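# A closer look at the structure
The residues making up each chain are set out below.
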Amino acid sequence: MNEQQGLLIGEHFLMGDYAAAEGAIMAGCRFFAGYPITPATEIAERMSIRLPQVNGIYIQMEDELASMNAALGASWSGVKSMTATSGPGFSLMMENLGLGIMTETPCVLVNVQRGGPSTGLPTLVSQQDMMQARWGSHGDYEIIALSPTSPQELFDLTIRAFNLSEKFRTPVLVMTDAEVGHMTERVAIPPPGEVEIINRPQVRKGDMPPDKYRIYQDLHPDCGFDTVSPMAAAGEGYRFHITGLTHDEHGYPVMNAEANEWNVNRLMSKIRDHRDEIIQLEEHNLDDAEVVVVSYGISARTSLWPIEQARNDGIRVGYLRLITIWPFPEKRIADLARRIRAFVVPEINMGQIIREVERCAAGQAPVFGVNRPGGEILNPEKVEKTIRQAAGQM
Amino acid sequence: MPREDTINGERLKLSGYEPTDQSDWVTGLHPMDEMLRGERLPHIWCQGCGLGTALTTFISALQWLEKNQKWDLDKVAIVSGIGCTGRVAGYIRLDSFHTTHGRAIPFATGLKLAKPELNVVVFSGDGDIAGIGGNHFIHAARRNIDINVICVNNFNYGMTGGQVGPTTPHGARAVTTQYGNFEYPFNLPYLAAAGGASFMARWTVLHARRLEWTLRQAMAHRGFSFVEIIAPCSTSYARWNPEGQGLDPQKLRRRGLEVMKHYQKVGKIAHHTHPKDATITVDGNGLITEIIEGVFIDDPKPDFQAAIEQMAHSAKEKWIAAKKTLDERLQLPGRTDYVPRTEVQLGGFGGQGIMSAGNIIGQAATIYDKLRASLTQSYGPEARGGAAGSQVVIASDPIHHPHLIEPTSMIIMSQEAYAKYVVNLSAGGILFIDDGLVRLPRNHRQDIETFGISATQIAEDLGNSRAANTVMLGFWTAIGGVVSKPAMIQSLTDSVPPKTIEVNLKSFEAGYRKGLRIKGRQ
Ligand code: SF4
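Residues numbered from 1 in each chain as written. Chains lettered and ligands numbered in written order. Predicted model: local features only at pLDDT ≥ 70, side-chain atom pairs only at ≥ 80, totals over all residues. Heavy atoms only, no water.

## Points about the overall build of chain B
Counting its regular elements, chain B contains 17 helices and 15 strands. In summary, chain B has a C-alpha radius of gyration of 35 Å against a globular reference of 24 Å for 522 residues, an excess of more than 25%. Principal axes of the C-alpha set define a box for chain B whose edges measure 105 × 60 × 45 Å. Expressed as a percentage of its 522 residues, the buried residues of chain B come to 57%. Considering only contacts within chain B whose residues lie at least 6 apart along the sequence, 66% involve residues at least 24 apart. (Helix = DSSP H or I, 4+ residues; strand = E, 2+ residues; numbered from the N terminus. Rg over C-alpha atoms; globule rule 2.2 N^0.38 Å. Buried < 20%, exposed > 50% of the residue type's maximum accessible area, 1.4 Å probe, protein only. Contact = heavy atoms within 4.5 Å.)

So, in structure tokens, the structure goes:
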């Protein structure tokens, strides 16, 4: 049986978590390490059944610290890898998310958000980890995070997460939630030839003299890669070194300020310099908008109804959905702020992404939040009411 | 504390680094140059530290394996955690991974599982492996994953200045136990044995040759192997404890030597000692009085690579069968009429198939009737066996709000679900109940239509009471008419276990006929 025969294609009525697993497999993921946690467990369950069918490896580790590490280790063997979790596990993964960022290791982490803090609300939705996604691991870095609104998009964005992760040699987060993860809807899976798959730049045995190889060189003249240097997998004869310490282009530790500057800048600029490529937005009716609803994930989706209601009543509401949450579309928000009346930011937390919108609006337009902590998706009436308020109708 | 390394920052000029004409790799000054990262030397370790010996012994073992067992050292990867020992990965010319504190073992686990041809060695310290990484250590031993863990035990946290650790002997001094350690240490080989490791040994660095033999054995061992290396920490541990006390701190080498002499005195080689008895004994002042050394267990047991291959085989067979069913799915033309947003609530208790009934409806609506549907499920922690609810929204238009706002249709199979959900049914909505399980109260709502069927009884009469949900679905399809019958039949056939297709179809049909009769009467 060849691997393509093991891919699920066609239309299926699939739970979001399962769609994430199928997206990963389509993207070429062949290693999953995880730890059971509601509401992400179904991703692991699906992977445990599906990976052995496509010559992949599934393993349940002893905790999320180990899961994240095993995913990183597998990635350095040259295999695309993934893990999935929710709140408490996400906190544990922060330590080695940092290792993945520092060592420039591709891998994908899906967070099916539930209510927090702490053990919180295991079975119920929230979007309370959005800032943790950005800042949760210590130190300065940039991160890529995507946010789907449906099982179909959980499938699509998991593939995109792998592509970005491979291209930029960095862990990528899929920030979904209990609602989308546990929702079942139609998912259309195209045949493999129609899906864009990106693989990491890689040197293989014999491609170049090992002593001339630099694991963190920027532009590699011999290899022709322009964003990151090609990765060597373990066992290919390059005898490379990687470390979580501040390092130079060899991956060797260097303990000084200059090295830290070089190292941190490198990690940040590879994402900042490609913002336009990474950021995806869905926009409707922004041209004439006086009020713009900025949202993401399930909250963006449930805002569509109140937006329609408000538009029917003659309020010029626009819709801006953040498909990419991090990096944040600073410029787009700043441009809009100059010409609209107000922003409305619905989210299932007490105000996280609203801070970004406020920062980018920089006082040019007021920002209204629609917030609640975890447990339930947003009430459409509340969103509609806030839109009216933002439009000055209340 | 080890000397921090700033020289290298100058030598390897950052970002502008130009390789010299000569290979950077081999300097030719030391017999092990080929295996050392010469450009990284001198190392950061203190004089008199045992780590150098541990490293060179390890390299000797590798070179022996290369020479005598044709090992390809390109296929050996070394993973370290944090600490003085953790720096080993940075000095040895192998694919080397210096990970986070305590996490070398899970990192190595991923590396090995994803590329079984690699020989993966974890080389780290006692604090890293038995302290912060203790959980990973016992679980790797339990899995019997085919990696080799080498733990250099110097009885304290050296890099941070000599704090007490999980292996510090009872009564011994550290910077944080100036009055003597009041805790008790791990016996690491015993811990590994309890976890299920199939090879474990202990040597002091004094016994370098024996250690090298053991390392060869351990690396060649199939399954989880563990070697504890007792080594002097000349700067920290030896400063506070009798073995090296009183010596001039300027003479670190001397301190290390004194500790080695002490090892010679107290080391006792006793192969095959039960790991429980393979102890490190101390007197009342924390002075080590005996170290049992040797290979305690060398008991090859198959790691799980073979099991993984076997599992993959059955998994693929299962996939081929599943794929056949998928490929044989009927293609229905789909509905062309407009279906307004319809919200269906299903409720009952766990085990009645409420979740799967919701799934059958949603699948019928989307895949076969080509409508849109969102299915959400609700079960609290009590729901494993307790109350179960499942909600389906069906529509021709995109479903922005996936939750029920005005449920128009309810399938209710328990009294509890009746009490919980029926209040929410919108006026004019239709309620379907299993009237064998739900008794309508006297104040039952008059603003809704109610249809009852003895679903569980009917299913039981047909030979499988578990098909009661299917009876309800047939009944609902006939009267409710949101999803077409052919779509429901196909979805049902896809969803139930092959052996029960027949009884489920019969049950569906029974419910459907009863529904039609009632509808005809209206
Ligand atoms: S273990 Fe002790 S002697 Fe060795 S480098 Fe560390 S602090 Fe120095």
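## So, the layout of surface pockets
As a volume, the largest pocket reaches approximately 1700 Å³. Along the walls of the largest pocket sit 46 residues, with Asn359(B), Gln363(B), Asp494(B), Ser495(B) and Val496(B) positioned nearest its centre. Broken down by secondary-structure element, the contributors of at least two residues to the lining of the largest pocket are β1 (10-15) and α2 (41-50) of chain A together with α11 (305-327), α12 (354-368), β11 (372-378), α15 (468-480), α16 (485-495) and α17 (501-521) of chain B. Classifying every residue of the lining of the largest pocket by side-chain character gives 18 nonpolar, 19 polar and nine charged. (1 Å grid on protein atoms, 1.4 Å probe; cavity = no way out; pocket = protein on both sides within 12 Å on 5 of 7 lines; lining within 4 Å. Points joined across faces, edges and corners; volume = space filled by probe spheres on them. Nonpolar A, V, L, I, M, F, W, Y, C, P; charged D, E, K, R; others polar.)

## Overview of the site of the ligand
The ligand sits among 10 residues. The nearest are Cys46(B), Cys49(B), Cys84(B), Asn154(B) and Cys233(B). Along the lines of polarity and charge, the residues of the shell around the ligand split into six nonpolar, four polar and no charged. (Near = heavy atom within 4 Å.)

## A few points about the interface of chain A and chain B
Across the boundary between the two partners, chain A contributes 78 residues, which contact 81 residues of chain B. In total, about 6800 Å² of surface goes out of reach between chain A and chain B, with carbon and sulfur atoms giving 58% of it. In this assembly, chain A and chain B are joined by five salt bridges. Residue Asp74(B) pairs with Lys205(A) through a salt bridge whose shortest N-O separation is 3.1 Å. Joining chain A to chain B, the criterion identifies 40 residue pairs in polar contact (both at pLDDT 80 or more). Across three bridges, the pairing between strand β12 (residues 241-243) of chain A and strand β2 (residues 95-98) of chain B is parallel. Across the sheet, Thr243(A) pairs through a bridge with His98(B), a residue of β2(B). (Buried area = accessible area lost by both parts, 1.4 Å probe. Salt bridge = Lys/Arg side-chain N within 4 Å of Asp/Glu carboxyl O. Polar contact = N/O pair within 3.5 Å; in protein donor to acceptor, adjacent residues only side chain to side chain. Pairing = 2+ DSSP bridges.)

## A word on the confidence of the model for chain A
Mean pLDDT for chain A: 95, with 96% of residues reaching 70 or above. For the stretch residues 220-224 of chain A, pLDDT sits under 50, and the model shows seven contacts to residues farther than four places along the chain or on other chains. (pLDDT = per-residue confidence, 0-100.)

## Section: unusual backbone geometry
Glycine aside, a negative phi is what most residues show, and trans is what most peptide bonds show. A cis geometry characterises the amide bond from Gly116(A) onward to Pro117(A), with omega recorded as -5°. Within the fold, Pro117(A) resides in the loop between β5 (107-115) and β6 (121-125). The peptide bond linking Leu41(B) to Pro42(B) adopts the cis configuration, its omega dihedral lying at 5°. You can see Pro42(B) is positioned in the loop between α1 (7-11) and α2 (51-68). Positive phi values are uncommon outside glycine, yet Ser118(A) reaches one of about 55°.

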